[in-house]
Amino acid sequence: MKLRDMTDLAVRNLREAILRNSLTTLGVAVGVASLVAMVSLGVGLQQLASSRLSKSGLFDSISSPRNRICAGPVPAAANRAPSAKRGR
């Protein structure tokens, strides 16, 4: 079969089944659109959750049962110099 014969056959088949071809095209378009929407929704929710968690400050410090290691800002009480007066 020559290229011209195959092209004529393809065009004739497309003309004969217009409804089927349009429904197939519509189905592919809806499927791709829903896939893009789900992926973008997932990425957006992930970014929202990570930004809210980073703003909350829950992950700024690490604590253990024996000592507390502070990775975030140092509290005001820790900045004070030890007092010169000791217990009486």
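Quick caveat, the model's predicted, so the values are computed rather than measured.

Engineer: Break down the overall build of the protein chain for me, with residues and values.
Structural biologist: A tally of regular secondary structure across the protein chain gives three helices and two strands. The N-to-C order of helical and strand elements in the protein chain reads α-α-β-β-α. Looking at the 88 residues of the protein chain, the share that counts as buried comes to 1%. If you sum the accessible surface of the protein chain, you get close to 8500 Å²; carbon and sulfur atoms cover 63% of it.

Engineer: Can you tell me about the confidence of the model for the protein chain, naming the residues and giving the values?
Structural biologist: Confidence in the prediction of the protein chain, expressed as mean pLDDT, is 82, and 70% of residues score 70 or more. Looking over the protein chain, one finds the lowest element-wise mean pLDDT in helix H3 (residues 76-79), namely 56, and the highest in helix H2 (residues 18-56), namely 94.

Rules used in this analysis
- Residues numbered from 1 in each chain as written.
- Predicted model: local features only at pLDDT ≥ 70, side-chain atom pairs only at ≥ 80, totals over all residues.
- Heavy atoms only, no water.
- Helix = DSSP H or I, 4+ residues; strand = E, 2+ residues; numbered from the N terminus.
- Buried < 20%, exposed > 50% of the residue type's maximum accessible area, 1.4 Å probe, protein only.
- Areas by Shrake-Rupley, 256 points an atom, 1.4 Å probe, with all protein chains shown as cover.
- pLDDT = per-residue confidence, 0-100.

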